[in-house]
Amino acid sequence: MTLLSVRNLRAYYQTEAYGISRTVQAVDGISFDLFPNEIYGVAGESSCGKTTLIKVISGNIKHPLKVLEGSVIYNFNGYQVDMLQISEDELRRNVRWKQISYVMQGSMSVLNPVRKVIKTFEDIVRTHEGITDKKKFLEQTRAHINRLGLPTDVLNAYPHQLSGGMRQRVAIALATVFQPALIIADEPTTALDVVVQRGVLHMIKDIQAMSKNTVLLVTHDMAVHANVTDRMMIMYAGRIAEEAPTESIFNAPLHPYTQHLINSLPMIGEKTTRTSLGGSPPNLANPPGGCRFHPRCPHVMDECRTVVPDLVTVKERHRVACHLFKEDSV
Ligand code: SF4
């Protein structure tokens, strides 16, 4: 069963200022599936379209972002949602928090700085569940906090009284209070130090193992993907370069861009100098034709400059968009 099916998604930013129109092709023809009970990673450099992709699949499509083409269909245990057609009212009542929740980088933006943590829980649970019995609400919230291994006194603290790591854990606890089918975590550990980062990642893994739901983890940090995700996609300039089980991405990367990402990771004890890739990611307001990676690719061929490579399945569960690979060729 598929939890989310995204097909040929094209989402662009279209702006008009001083008579000049500008189109940024942030997500350009993306197709992928998410399944229940997996942690799926999305990796790629800044401005490769990761955030735009999650904005669209979480139903957060606001001007100047526009979906030009494609479909985003969820199946929450028989409850089908067409994310590009659903009304804002249904999204708010039945989908956000209950079926899809969102953990973002800055937890302070979820927690109200002038209210105790318990009040934020109360607002969300009341709005979405209509619970008016205060005792029942407190019991449920405490049980949830305990289940996640957090001390219950965090509920009576103001956000500024908690460390950054604890605030992020509280934000994750909030996002999972209804045990949603999909948790989207957007760079959830980027602002945290390494030790705290490990704790937050363990918490995400533990929640997924307990609830058997799906986590979509977006981060540029390949080490995080290596430790946490089951499958992953590598995005480059608004398109999928490669998608495979995480183990295959790290042990046998196929796309030249993925190979560069893996080869540039520092290894403990290794003394060789890492080389960086020449050039920089393209401007998506004016991307290069053909394969968007061609100006930086060490294997570039003539056809790469003009023909967009299809994302082909080179072996089971492994897709690559590169002219070096054909269907079932690995
Ligand atoms: Fe390199 Fe060509 Fe493959 Fe693009 S299609 S990654 S330019 S070899």
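Computed from a predicted model, the values in this text were never measured in an experiment.

Asks: Give a description of the nonpolar core that names residues and reports values.
Replies: Phe32, Leu53, Ile57, Val72, Tyr74, Leu216 and Met222 are the most contacted members of the largest nonpolar core, which totals 55 residues. A total of six residues in this core trace back to one element, the largest contributor, which is strand β2 (residues 20-34). Every residue in contact with Ile57, bar those within four places of it in the chain, is listed here: Leu4, Val6, Val72, Tyr74, Met83, Ile100, Ile184 and Leu216. One finds Val125, Leu155, Leu201 and Ile204 within the second-largest nonpolar core, a separate group that totals 36 residues.

Asks: Any chance you could break down the site of the ligand for me, citing the residues and the numbers?
Replies: By nearness alone, every residue bordering the ligand is listed as His255, Pro256, Cys291, Phe293, His294, Cys297, His299, Cys304, Cys322, His323 and Leu324. When atom positions are compared with the pocket grids, the ligand is found to occupy the largest cavity. Partitioned by chemical class, the residues of the shell around the ligand number seven nonpolar, four polar and no charged.

Asks: Which residues make up the sheet that holds strand β12 (residues 318-321), and what values do they have?
Replies: The strand order across the open sheet formed by eight strands is β6-β7-β8-β3-β9-β10-β12-β11, and the pairing between neighbours is mixed. Strand pairing shows two members of the sheet lacking a second neighbour, β6 (100-103) and β11 (311-315), which therefore form its edges. Strand-to-strand, the axes of this sheet are offset by a mean angle of 20°, without reference to chain direction. Here β6 pairs with strand β7 (residues 182-186) via four bridges, running parallel. Of the residues in β7, the one forming a bridge with Val103 is Ala185.

Asks: Any chance you could break down empty space enclosed by the protein for me, citing the residues and the numbers?
Replies: Throughout the structure, instances matching the rule amount to one cavity of 30 Å³ or more. Empty space within the largest cavity amounts to approximately 90 Å³. The wall of the largest cavity is formed by 13 residues, among which Cys291, Cys297, Cys304, Cys322 and His323 lie closest to the centre. Of the residues belonging to the lining of the largest cavity, the class tally is nine nonpolar, four polar and no charged.

Asks: I'd love a proper account of the packing of helix α5 (residues 164-175) against helix α6 (residues 194-211), names of residues and values included.
Replies: The contact between α5 and α6 brings their axes to 10 Å, and the two run at 15°. In terms of orientation, α5 and α6 fall into the roughly parallel class. Remark: the crossing between α5 and α6 carries right-handed chirality. Each of Gly165, Gln168, Arg169, Ile172 and Ala173 in α5 lies in contact with α6, whose residues at this interface are Val196, Gly199, Val200, Met203, Ile204 and Ile207. Class assignment of the residues belonging to the contact of α5 with α6 gives a composition of seven nonpolar, three polar and one charged.

Asks: Lay out the pairing of β7 in plain terms, naming residues and giving numbers.
Replies: Summarising burial for β7: five of the five residues are buried, a large majority. Judged by which residues are buried, β7 turns out to be covered on both faces: Leu182, Ile184 and Asp186 on one side and Ile183 and Ala185 on the other are all buried. Where β7 and strand β8 (residues 214-218) come together, five bridges link them in parallel fashion. Among the inter-strand pairings, Ala185 is bridged to a residue of β8, identified as Leu217.

About the thresholds
- Residues numbered from 1 in each chain as written.
- Predicted model: local features only at pLDDT ≥ 70, side-chain atom pairs only at ≥ 80, totals over all residues.
- Heavy atoms only, no water.
- Core = buried A, V, L, I, M, F, W, Y, C linked by side-chain atoms within 4.5 Å.
- Buried < 20%, exposed > 50% of the residue type's maximum accessible area, 1.4 Å probe, protein only.
- Helix = DSSP H or I, 4+ residues; strand = E, 2+ residues; numbered from the N terminus.
- Contact = heavy atoms within 4.5 Å.
- Near = heavy atom within 4 Å.
- 1 Å grid on protein atoms, 1.4 Å probe; cavity = no way out; pocket = protein on both sides within 12 Å on 5 of 7 lines; lining within 4 Å.
- Sits in = over half its atoms within 2 Å of the grid points.
- Nonpolar A, V, L, I, M, F, W, Y, C, P; charged D, E, K, R; others polar.
- Pairing = 2+ DSSP bridges.
- Axes fitted to C-alpha atoms, helices over the stretch in contact; angles between N-to-C directions.
- Points joined across faces, edges and corners; volume = space filled by probe spheres on them.
- Parallel < 35°, antiparallel > 145°, perpendicular 65-115°, else oblique.
- Left-handed = near helix turned anticlockwise from the far one by under 90°.

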